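# Breakdown of the fold
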Amino acid sequence: MATDYDEPRVRPEDQPANESLEAIQAQRSATTQTALIDVEDGETAEGIDLPGADLSHEELLIQVIPQQEDEFTCMSCFLVHHRSQLAREKNGDKYCTECEG
């Protein structure tokens, strides 16, 4: 069924047609909640990293594990995948199912 968007809207019976703008705004502001950013107590602006920030003084706290025997690096997306995700191997280059899909 086609909808005629130019047709005047029918107001619900509980909303009077002559309600003032101030009354509508007061009603909406009473029911509307403001958005808040969830920030922990100890977190400050120093804890937030901005794009392009100089992080050369930072130290990695992650242990890097070498590629395992049952893993391969896809030559299209360059991600390390488990051998069960191997879709194709051509000239020694391996490709994952996501890139070949």
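Residues numbered from 1 in each chain as written. Predicted model: local features only at pLDDT ≥ 70, side-chain atom pairs only at ≥ 80, totals over all residues. Heavy atoms only, no water.

Okay, the packing of aromatic side chains next. Under the criterion given, the structure shown has 0 aromatic pairs. Over the face of the ring belonging to Tyr95 we find Arg88, whose NZ or CZ atom lies 4.4 Å from the ring centre. (Phe/Tyr/Trp six-rings, centres within 6.5 Å; stacked < 30°, edge-to-face > 60°. Lys NZ or Arg CZ within 6 Å of the ring centre and 35° of its normal.)

Bringing the pairing of strand 3 (residues 86-90) into the picture now. The two faces of a sheet get side chains in turn, since along a regular strand they alternate between them. As defined by bridge partners, strand 3 adjoins strand 4 (residues 93-96) across 4 bridges and the pair is classed as antiparallel. When the bridges of strand 4 are listed, Glu89 appears paired with Lys94. Here strand 3 folds back onto strand 4 in antiparallel fashion, the turn holding 2 residues, of which Asn91 has a positive phi close to 55°. (Pairing = 2+ DSSP bridges. Helix = DSSP H or I, 4+ residues; strand = E, 2+ residues; numbered from the N terminus.)

With respect to the helices and strands, Leu86 occurs in strand 3. Classification of Leu86 by relative accessible area gives partly exposed; the value is 33%. C-alpha of Leu86 to C-alpha of Phe72: the two residues are 14 residues apart in sequence and 7.9 Å apart in space. When neighbours within four sequence positions are excluded, Leu86 is seen to be in contact with Phe72, Lys94, Tyr95 and Thr97. (Buried < 20%, exposed > 50% of the residue type's maximum accessible area, 1.4 Å probe, protein only. Contact = heavy atoms within 4.5 Å.)

The subject of this paragraph is the state of the cysteines. Applying the stated criterion to the full structure yields 0 disulfides. Distance from the sulfur of Cys77, which forms no disulfide, to the nearest cysteine sulfur (Cys74) is 3.7 Å. (Disulfide = S-S within 2.5 Å.)

A positive phi angle, near 60°, is found at Phe78, a position not held by glycine. Considering the arrangement of structural elements, one finds Phe78 in the loop between strand 1 (71-73) and strand 2 (80-82). Residue classification places Phe78 among the exposed residues on the basis of a relative accessible area of 57%.

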